[in-house]
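Results of the structural survey
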Amino acid sequence: MKMSRAIVYAVLSTGVALAQSSSSGSNTAPTPPTPAQQAAQLVTQLTTLLDLTAAQQATATTLFTTEFTTLASLRTSQQTAQTALQTAITSDTISGITSAATTIGNLTQQQVVARATADADFYAQLTSDQQTKYTTLKLGGLGGPGRGPGGGPGGGPGGPPPGGPGSAALAGR
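Residues numbered from 1 in each chain as written. Predicted model: local features only at pLDDT ≥ 70, side-chain atom pairs only at ≥ 80, totals over all residues. Heavy atoms only, no water.

A pair of packed helices is characterised by two quantities: the angle between their axes and the separation of those axes. Between helix α2 (residues 35-50) and helix α3 (residues 54-90), the least distance of the axes is 8 Å, while the angle of their chain directions is 140 degrees. With respect to their mutual orientation, α2 and α3 come out oblique. For α2 against α3, the interelement crossing comes out right-handed. Across the interface between the two elements, P35, A36, Q38, A39, L42, V43, L46 and T47 from α2 touch Q57, A60, T61, F64, T65, F68 and T69 from α3. (Axes fitted to C-alpha atoms, helices over the stretch in contact; angles between N-to-C directions. Helix = DSSP H or I, 4+ residues; strand = E, 2+ residues; numbered from the N terminus. Parallel < 35°, antiparallel > 145°, perpendicular 65-115°, else oblique. Left-handed = near helix turned anticlockwise from the far one by under 90°. Contact = heavy atoms within 4.5 Å.)

Another aspect to go through is the packing of α3 against helix α4 (residues 94-125). For the pair α3 and α4, interaxial distance at closest approach is 9 Å and the crossing angle is 170 degrees. Taken together, the axes of α3 and α4 are roughly antiparallel relative to one another. Across the contact of α3 with α4, the residue classes break down as 18 nonpolar, 12 polar and 4 charged. (Nonpolar A, V, L, I, M, F, W, Y, C, P; charged D, E, K, R; others polar.)

This brings us to α3. With 37 residues, α3 ought to run about 54 Å at 1.5 Å a step, and its terminal C-alpha atoms sit 53 Å apart, in line with that. Phi turns positive, to about 55 degrees, at D92, one or two residues after α3. (Expected span 1.5 Å × (residues − 1).)

Let us look at the nonpolar core. One broad trend across soluble globular proteins is that nonpolar side chains are buried collectively. Membership of the largest hydrophobic core comes to 18 residues, with the highest contact counts inside it found for L46, L50, F64 and F122. Contributions of two or more residues to this core are made by α2, α3, α4 and α5 (128-142). It is α2 that contributes the most residues to this core, 6 residues altogether. For L50, the contacting residues outside a window of four places in its chain are F122, L126, Q130, K133, Y134 and L137. With 6 residues, the next largest nonpolar core counts L74, L85, I104 and L107 among its residues. (Core = buried A, V, L, I, M, F, W, Y, C linked by side-chain atoms within 4.5 Å. Buried < 20%, exposed > 50% of the residue type's maximum accessible area, 1.4 Å probe, protein only.)

So, to be careful, I would describe these as geometric facts and stop short of saying anything about function.
Structural data, given as structure tokens:
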């Protein structure tokens with residue numbers, strides 16, 4: 001079990017290191033990876049960890065690209081809803097707070113569904129040995145497809161909404 005964790009963390013650390021851009025002192029933020037790039041990186045990691053076949057890789061790439069595309073859209077909507085919530089709070093508008101909270105709840109539900117659907121579809125295509133390894137990896141900290149330890153890579157899907165509680169501490173998962 002400890003060896004599996006070490007492997008998972010090594011693979012995830014490598015992915016994070018490769019995803020970081022060397023900006024040569026510039027103050028511009030690096031361009032985030034596209035959903036297709038995120039999916040390709042995840043499939044590469046899962047192929048290494050689970051010995052996926054070419055057919056499994058192709059299916060996983062499609063599943064995770066769809067998931068990451070959906071999550072990117074939901075993140076944008078989530079940011080808008082968070083801004084609306086902050087505006088309602090500062091103007092002490094209960095109806096605005098209620099409306100924004102409802103929107104945030106609905107968007108969170110859609111994120112959970114997108115992740116769980118991709119995870120279930122991916123899991124269903126694995127052999128029983130791969131399923132056992134995958135379950136062990138998730139329990140050891142992998143966090144599921146598209147999500148690093150704790151639920152989300154680099155401030156991406158799975159973390160708290162932007163501007164939400166703890167966002168300052170998470171800036172920079």
